[in-house]
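# Overview (structure and organization)
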Amino acid sequence: MKYIDEYRDEKVTRGLLDEIGRIVTREWKLMEVCGGQTHSILKSGLDQLLPPQIELIHGPGCPVCVTPLELIDKAIALAQRSNVIFVSYGDMLRVPGSERDLFSVRAAGGDVRIVYSPLDSLKIAKENPDKTIVFFGIGFETTAPANAMAVAQAKRQGIKNFAMLVSHVTVPPAISALLESPDVRVDGFLAAGHVCTIMGYWEYEPLVKKYNVPVVVTGFEPVDIVHGVLMCVKQLEEGRAEVENAYARSVRREGNEPAQAIINEVFEPCDRPWRGIGVIPQSGYKFREAYTYYDAEQRFPDIQTIATKESSLCISGQVLQGLKKPNQCPAFGKECTPQMPLGATMVSSEGACAAYYRYARFAKTALQDLTQKSNTVIPSEARNL
Amino acid sequence: MCLGIPGKVTELYEANGMKMGKVDFGGVVKEACLEYLPEIEVGDYTIVHVGFGISQLDEEAITPSSTSALASANSTKRKRMRR
Ligand code: SF4
């Protein structure tokens with residue numbers, strides 16, 4: 001399929017890998033920000049195919065993983081109410097709350113539904129006028145315009161029985177926080193291609209100047225990722241620190257302006273807690289005054305006081321900051337598996353622990369995956385969109 | 001979560017005041033909101049994320065540091081496009 005096959009080409013990937021091997025003279029640690037990139041890297045075995053001097057550190061870019069436990073517990077509390085239909089992206093259902101997950105609420109009779117698009121939740125609202133439809137609005141900048149549009153449409157269409165539990169997070173403040181942290185050593189960043197598709201990459205320009213660290217906007221296919229690594233290593237070897245774009249077919253410097261406009265219409269920046277990491281200033285979105293009617297936390301004020309209980313074994317906060325690899329967690333594959341997860345990073349389709357569990361043991365034959373052709377893969381991926 | 005899949009726009013229409021379309025992902029056709037892509041037309045490619053087109057893919061985009069290996073990827077792409 002166009003725009004997929006050519007970016008999964010083994011020969012091109014090998015050529016780029018060879019080129020990295022030719023120019024690299026010392027060790028570099030690069031962080032891929034997005035969990036989707038982490039999965040692609042492990043699936044195609046790139047972590048093992050890159051020259052040994054290059055270490056890929058997995059970043060915090062998994063909105064499911066960083067959604068605070070408190071919000072998950074609130075979601076679970078709302079989903080249990082008989083007057084609520086709780087609507088979510090599929091990824092959230094298996095994320096462990098303090099006591100249970102959304103799947104078990106559904107199994108116990110709660111009305112929990114998975115949608116493909118947030119606009120589908122408006123259809124559900126129209127079909128069920130006697131219930132309140134609560135949509136779990138999570139995601140990075142990539143998802144924010146879609147969620148914002150659902151809220152704006154609810155207002156335009158006069159749909160009153162709709163509310164959103166919002167836990168939106170944004171990438172640049174998280175990168176700044178990582179760069180400020182004394183424990184984190186990252187030489188260069190592969191920025192998340194779809195976040196930048198929406199927001200552009202001008203936001204990284206002051207960051208790059210301030211911290212003197214290269215940022216390369218990178219896509220998700222093996223060729224894209226190796227290309228991003230090559231551009232980043234080139235900068236490091238030449239002593240440059242700039243923002244470059246290795247995903248130009250989708251990303252423009254200014255981003256998608258109509259999408260940014262709807263985010264700004266509905267949401268405004270706020271401080272947000274990240275699960276396992278803590279509060280990062282101005283790293284999320286909350287409703288603007290004009291849209292607070294749709295804020296589920298205000299519509300259901302009695303869900304505010306819920307005591308949370310995090311697993312004492314889980315070190316996902318360190319995994320999310322790139323301080324530990326998932327297989328360095330003592331519980332990895334023992335107390336914690338995708339069937340019995342202790343942390344969100346083990347169940348999210350973008351979680352680093354899930355990727356390590358799923359692909360690590362197939363690493364040696366991973367190149368077979370690399371050449372997998374999209375006509376067998378895409379329809380099922382598209383179904384899960 | 002940020003998963004996005006490229007597909008070809010096969011139909012455009014309006015619903016609830018929004019620009020909508022059908023997008024073909026190698027045989028699987030889905031509805032997508034294309035409100036954020038004012039210039040997109042039938043036949044163009046977009047990346048779809050949670051039911052929304054987020055970018056209009058640029059066939060001519062060649063990254064600044066085009067390398068020899070990548071140049072060959074681009075020439076394969078060209079060949080495919082001509083067919
Ligand atoms: S392996 Fe499980 S317990 Fe360990 S960090 Fe990952 S999610 Fe947490």
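So, a few notes on the structure that sits alongside this text. The model shown is predicted, which means the values in this text are computed figures rather than measured ones.

## Here's the deal with the packing of aromatic side chains
Centre-to-centre distance and the angle between the planes together describe a pair of aromatic rings. Residue and element names in this part refer to chain A. One pass over the structure, following the stated rule, counts 10 aromatic pairs over all chains. Between Y293 and Y294 the ring centres are 5.0 Å apart and the planes differ by 90 degrees, which places this aromatic pair in the edge-to-face class. The side chain of R249 reaches across the aromatic face of Y7, ending 3.5 Å from its centre.

## Describing the site of the ligand
A:C314, A:I315, A:S316, A:C329, A:A331, A:F332, A:C336, A:L342, A:G343, A:T345, A:M346 and A:C353 make up every residue found near the ligand. Residues that form the shell around the ligand fall into these classes: nine nonpolar, three polar and no charged.

## A word on the sheet that holds strand β8 (residues 215-218) of chain A
Residue and element names in this part refer to chain A. Taken together, five strands build an open sheet; the order of strands is β2-β1-β7-β8-β9 and the sheet is parallel. The sheet terminates laterally at β2 (54-61) and β9 (243-245), the two strands that pair on one side only. Across the sheet, the mean angle from the axis of one strand to that of its neighbour is 25 degrees, orientation sign disregarded. Here strand β1 (residues 28-34) runs beside β2; their pairing, made up of six bridges, is parallel. Residue pairing for β2: C34 is matched across the bridge by G61.

## So, the interface of chain A and chain B
At the junction of the two partners, chain A supplies 59 residues and chain B supplies 44 residues. A buried area of about 4400 Å², summed over both sides, lies between chain A and chain B, and 67% of it is on carbon and sulfur atoms. Where chain A touches chain B, the interface holds zero salt bridges. Summed over the shared surface of chain A and chain B, the number is eight residue pairs in polar contact (both at pLDDT 80 or more). The residue makeup of the side of chain A that touches chain B, split by class, is 33 nonpolar, 14 polar and 12 charged.

## Comments concerning the state of the cysteines
If you walk through the whole model with that rule in mind, you get one disulfide over all chains. With no disulfide of its own, A:C232 lies 13 Å from the sulfur of A:C196, the closest cysteine sulfur.

## Here we look at the sheet that holds strand β4 (residues 112-114) of chain A
Residues and elements named next belong to chain A. Taking strand neighbours across the sheet as the criterion, the six strands line up as β4-β3-β5-β6-β11-β10 in an open arrangement whose pairing is mixed. Unpaired on one side and paired on the other, β4 and β10 (267-274) mark the two borders of the sheet. Within this sheet the neighbouring strands show an average axis-to-axis angle of 25 degrees, counted without direction. The strands touched by helix α5 (residues 69-79) within the sheet are β3 (84-88), β4, β5 (132-139) and β6 (162-169), with β6 carrying the most contacts at an inclination of about 165 degrees. Contacting β5, β6, β10 and β11 (278-287), helix α8 (residues 144-156) crosses the sheet at an angle of about 155 degrees to β6.

## Here's the deal with the side chain of A:N161
All names here are of chain A. Position of N161 among the secondary structure elements: in the loop between α8 and β6. The class of N161 is buried, set by a relative accessible area of 15%. Reaching out from N161, the side chain makes a polar contact with the backbone oxygen of A125 at a distance of 2.9 Å. Beyond its immediate sequence surroundings of up to four residues, N161 is in contact with A125, N128, P129, K131, T132, I133 and R299.

## Description of the pairing of strand β1 (residues 5-15) of chain B
Residues and elements named next belong to chain B. The sheet contact formed by β1 and strand β4 (residues 45-49) spans four bridges and is antiparallel. Paired with G7 across the bridge in β4 is T46. Pairing of β1 with strand β2 (residues 18-25), which is carried by seven bridges, proceeds in the antiparallel orientation. Its bridge partner being in β2, K8 is matched across the sheet by D24. Taking the residues that link successive antiparallel strands as the turn, the β1-β2 hairpin has two residues, and the phi of N16 there is positive, at about 50 degrees.

Rules of the game
Every chain's residues receive numbers from 1 upward, in the order its sequence appears when written. To read the labels, note that chains go from A and ligands from 1, taken in the order they are written. Residues qualify for local features only when their pLDDT is at least 70, as the model is predicted, and side-chain atom pairs are given and counted only at 80 or more; totals for whole chains, interfaces and linings, by contrast, use all residues. Hydrogen atoms and water are omitted, and side-chain values are computed over all heavy atoms in the structure. Put simply, two rings from Phe, Tyr or Trp (the six-membered ring, in Trp's case) pair if the centres are within 6.5 Å, and we call them stacked under 30 degrees between planes, edge-to-face over 60, tilted for the rest. Here, a charge over a ring means that NZ of Lys or CZ of Arg falls within 6 Å of the ring centre while also lying within 35 degrees of the ring normal. A molecule or strand has a residue near it when one of that residue's heavy atoms lies within 4 Å. For this classification, the nonpolar set comprises Ala, Val, Leu, Ile, Met, Phe, Trp, Tyr, Cys and Pro, the charged set comprises Asp, Glu, Lys and Arg, and every other residue, Gly included, is treated as polar. Between any two strands, pairing holds if DSSP finds at least two bridges. A helix here means a DSSP run of H or I that spans at least four residues, while a strand means a run of E at least two residues long, and both kinds are numbered starting from the N terminus. Lines fitted to C-alpha atoms define the axes here, with helix axes fitted over just the stretch in contact, and angles between the N-to-C directions of these axes take values from 0 to 180 degrees. Here, residues are in contact when the closest pair of their heavy atoms is within 4.5 Å. Put simply, buried area is how much 1.4 Å-probe accessible surface two parts lose in total, over both of them, once they are put together. Any Lys or Arg side-chain nitrogen located within 4 Å of an Asp or Glu carboxyl oxygen qualifies as a salt bridge. What qualifies as a polar contact is a pair of N or O atoms within 3.5 Å, subject to a donor-acceptor requirement within protein and to the restriction that residues adjacent in sequence count only when both atoms come from side chains. By disulfide we mean two sulfur atoms from cysteines, separated by a distance within 2.5 Å. Relative accessible area decides the class of each residue, using a 1.4 Å probe on protein chains only: under 20% of the type maximum gives buried, over 50% gives exposed, and in between gives partly exposed.

Purely spatial values, then, with no claim about function.
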